[in-house]
Amino acid sequence: MAQFSILGLPRSVERRAARIADPVERLRFLRRQAHAEKESQRKHRLSSRRGGEGQKRPRRSHLRHVVSMVTGLVVLVATVPLPTGTAETFAKERMRVVAGNEQPRVAGPASRVWLVERSDSLELYSNGLRIDLTFAVSNRPRSRFSIFSLTGNAEQQEDSDAPVGIVYHTTESNLVPFEEEENHHLQRLGRNLIEWVRQERSYHYLIDRFGRVYRVVQETDAANHAGTSIWADGRGVYVNLNDSFLGVSFEGQTGAVDEVTPAQVAAGKVLTEMLRSRYDIPTENCVTHAQVSVNPQNMRIGSHTDWAGKFPFAGVGLPDNYSIPLASLYVFGFEYDSVFLRVTGMRWRGLDLAELRVARQAAAEGLETTRYRAILQHRYKEIASALKEKSQEVVQ
Ligand SMILES: [Zn+2]
């Protein structure tokens, strides 16, 4: 007969979990098992209740179910000392994952890249980067931006004006197969695209499919690339990143066969090196639009999903930044849905880490996760409305 631990998972499951080396994978395994166990209990209850009116209750989304189950377990573990079993296993996993995450990220300083030559149409840099200046335009100058404290209130903030990071985008524009016979179409689409993004002031840089790097909006100015967005580093939290982050876009389309070409990846690498060198940008602030984008209307992340998966972090010389916990979740209580999880390919370690951090913080405050999340969301709304007022003052 199978032995069950205090929260209802067979001990054999825990033994299997112990053999999984990666802590996040192990936690995911436990989560799947906990969910399967709960589902089978629910079905059992339903079937024993049937024979009556067969009344249907609205189904909660699968994701919410799993998340609330796991956070529930984590909070329970954190608040009630349980002697043995699944609770303890979850607690251990939580400590391992969080402890792993608290270690300083190894991020080498940007190697020095300098301008070698400049003409009206071209800049050449020491690492081989060539920037085409033919289409460069100005926009409004970049404003000083606030850096909010990670935990405190809206008043505790400092401000700055040098860019602190890079947000990578895809243009989500029409593509043709990346083949020699398509040269003419490839050239024409690239040309139309540069005209369009220039007119819209969409990004600071565009990398076309042949790996040509175009400056679009001058670096001294803000580009309209990030919208409502959030990111954090050791200094604090950045909200709405148009002024604080530079926008680099790859001509491409999510899900396309030739999503990005090797020439684009190579160009992305030398451009990233130059920008990191020029502004002393840490690697953890080089992230994708899907990682930073939020929708304040429904308090969910992933309003934009470009580079929700498969961004070639290694190819552009960066660590896998999908593993960084999202500040939108653990600082401001945003959530995500199953649609978002699907576009990420379920690969983001950063989502799990952020969820665990929320659960841990809630437990430390002695609050239910939902209550704690509501407090975080309130803080976001205060900051967002203060920023809105400020931007209206700038416009007037
Ligand atoms: Zn984007």
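Keep in mind that what you see is a predicted model, and the values were worked out from it rather than measured.

Definitions and limits used
Residues numbered from 1 in each chain as written. Predicted model: local features only at pLDDT ≥ 70, side-chain atom pairs only at ≥ 80, totals over all residues. Heavy atoms only, no water. Helix = DSSP H or I, 4+ residues; strand = E, 2+ residues; numbered from the N terminus. Buried < 20%, exposed > 50% of the residue type's maximum accessible area, 1.4 Å probe, protein only. Salt bridge = Lys/Arg side-chain N within 4 Å of Asp/Glu carboxyl O. pLDDT = per-residue confidence, 0-100. Contact = heavy atoms within 4.5 Å.

A.B. asks: Mind showing me how you'd approach unusual backbone geometry here?
C.D. replies: Most peptide bonds adopt trans geometry, and most residues besides glycine take a negative phi value. The phi angle at asparagine 240 is positive, at roughly 60°, despite the residue not being glycine. By secondary structure assignment, the location of asparagine 240 is in the loop between β10 (236-239) and β11 (245-250). The class for asparagine 240 is partly exposed, based on a relative accessible area of 29%. Even without a glycine there, the phi angle at aspartate 280 is positive, about 55°. Structurally, aspartate 280 is set in the loop between α6 (262-279) and β12 (286-288).

A.B. asks: Got a minute to help me understand the pattern of salt bridges in this structure?
C.D. replies: Oppositely charged side chains may form a pair once their charged atoms are brought near each other. Scanning the model with the defined rule gives 12 salt bridges in all. Residues aspartate 243 and arginine 140 are paired through a salt bridge, measuring 2.9 Å at the closest nitrogen-oxygen approach. Separated by 103 residues along the polypeptide, aspartate 243 in the loop between β10 and β11 and arginine 140 in the loop between β3 (130-132) and β4 (145-148) bring together distant segments of the chain. Given a relative accessible area of 14%, aspartate 243 falls into the buried group. Salt-bridge contacts for aspartate 208 lead to arginine 212; the nearest nitrogen and oxygen are separated by 2.8 Å. Judged by its relative accessible area of 35%, arginine 212 falls in the partly exposed class. Connected via shared salt-bridge partners are Arg118, Glu123, Arg215, Glu219 and Arg278.

A.B. asks: Sorry, what's going on with the confidence of the model for the protein chain here?
C.D. replies: Caution is warranted with low-pLDDT regions, since their predicted coordinates should not be read in detail. Looking at the protein chain as a whole, the pLDDT averages 80, with 71% of positions reaching at least 70. Segment residues 1-8 is flagged for pLDDT under 50; beyond a separation of four residues in sequence, or across chains, it makes 19 contacts in the model. Low pLDDT, under 50, characterises residues 48-106; the stretch is placed with 86 contacts to residues that sit more than four places away or in other chains.

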